[in-house]
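# A structural walkthrough
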Amino acid sequence: MLRNVSAVFFDLDGTLLDSGLDFHALRTKLAWPDKVDLLAYLAELPCPKERAKAADTIHEFEMAGAANSEWMPGAKALLAFLAEQDIATGIVTRNTRAAFDLCASRLGIPPLALISREDAPAKPDPTGLLNLAARFSVAPANTIYVGDYVYDLQAAAAAGMRSCLYDPSGNSEYSDQADITIRHFDQLASLLAGFNTR
């Protein structure tokens, strides 16, 4: 069981939603090295014209994914559960606000506090997580951040938050870096049940 939880924040794509994004294909299209951090690499491009063209390609890629997004199993029910428990809830994503808005419109995402990459440095920088905690006046130590990728776990650790790895396959190579690992959102709801301390 999880005690002293005042807030649960989430990553977006690959966690709450599945947008079917193929980042390997995007790097291939951009002719960028495989496994490079897309946003960091974009920021370091020396030519403004090249940087703008690449930014447009990434934006189109994200918007196409958002247009095909679907809820991850149990995610919508978990958000409803957290609202019932009066646990502060929000999203910190490397996606753009436009991509989130399209997902929200398509899937009926309930109103949630959002930190997008326009609002703070991209994860693994912890600034977005800390800004959202400050917005709710919750202590980072009483906050859980849920994500599916190593940047999510690193950002949570740097922010002083507990990390929860969403790993539906059970095969993630990052599980040893997470405080909690779940394969379904029902597991997180069970861990939180009855411990509303906000």
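Just above, that's the structure.
My aim in this report is to walk through the structure given alongside it, one point at a time. (Residues numbered from 1 in each chain as written. Predicted model: local features only at pLDDT ≥ 70, side-chain atom pairs only at ≥ 80, totals over all residues. Heavy atoms only, no water.)

### Side note on the side chain of Thr57
- Topologically, Thr57 is positioned in helix α3 (residues 48–67).
- A relative accessible area of 16% means that Thr57 is categorised as buried.
- In this structure Thr57 touches Leu26, Lys29 and Leu30, once residues within four positions along its chain are discounted. (Helix = DSSP H or I, 4+ residues; strand = E, 2+ residues; numbered from the N terminus. Buried < 20%, exposed > 50% of the residue type's maximum accessible area, 1.4 Å probe, protein only. Contact = heavy atoms within 4.5 Å.)

### Notes on the nonpolar core
- Grouped together as the largest cluster of nonpolar side chains are 35 residues, with contacts concentrated most on Val8, Phe10, Ile109, Val146, Phe185, Leu188 and Leu192.
- Within the residue set of this core, elements represented by two or more residues are β1 (7–10), α4 (75–84), α5 (97–107), β6 (143–147), β7 (162–166), β8 (180–182) and α8 (185–192).
- For Val146, the contacting residues outside a window of four places in its chain are Val8, Phe9, Phe10, Asp11, Thr15, Cys164, Tyr166, Phe185 and Leu188. (Core = buried A, V, L, I, M, F, W, Y, C linked by side-chain atoms within 4.5 Å.)

### Some remarks on the layout of surface pockets
- Each pocket or cavity is described by its volume, and for the largest pocket that value is around 740 Å³.
- Elements supplying a minimum of two residues to the lining of the largest pocket: β2 (17–18), α1 (23–30), α2 (38–44), α3 and α7 (150–159).
- When residues of the lining of the largest pocket are assigned to their parent elements, the largest contribution, 3 residues, is made by α1.
- Of the residues in the lining of the largest pocket, the class split is 10 nonpolar, 6 polar and 14 charged. (1 Å grid on protein atoms, 1.4 Å probe; cavity = no way out; pocket = protein on both sides within 12 Å on 5 of 7 lines; lining within 4 Å. Points joined across faces, edges and corners; volume = space filled by probe spheres on them. Nonpolar A, V, L, I, M, F, W, Y, C, P; charged D, E, K, R; others polar.)

### Looking at the packing of α3 against α5
- Taken N-terminus to C-terminus, the directions of α3 and α5 make an angle of 10°; their axes are 8 Å apart at the nearest point. When the interaxial angle is binned, α3 and α5 end up roughly parallel. Two packed elements cross with a definite hand, and for α3 against α5 that hand is right-handed. Along the contact surface, α3 presents His59, Glu62, Met63, Ala66 and Ala67, while α5 presents Ala98, Ala99, Leu102, Cys103 and Arg106.
- Looking at the contact of α3 with α5 residue by residue, the class counts come to 7 nonpolar, 1 polar and 2 charged. (Axes fitted to C-alpha atoms, helices over the stretch in contact; angles between N-to-C directions. Parallel < 35°, antiparallel > 145°, perpendicular 65-115°, else oblique. Left-handed = near helix turned anticlockwise from the far one by under 90°.)

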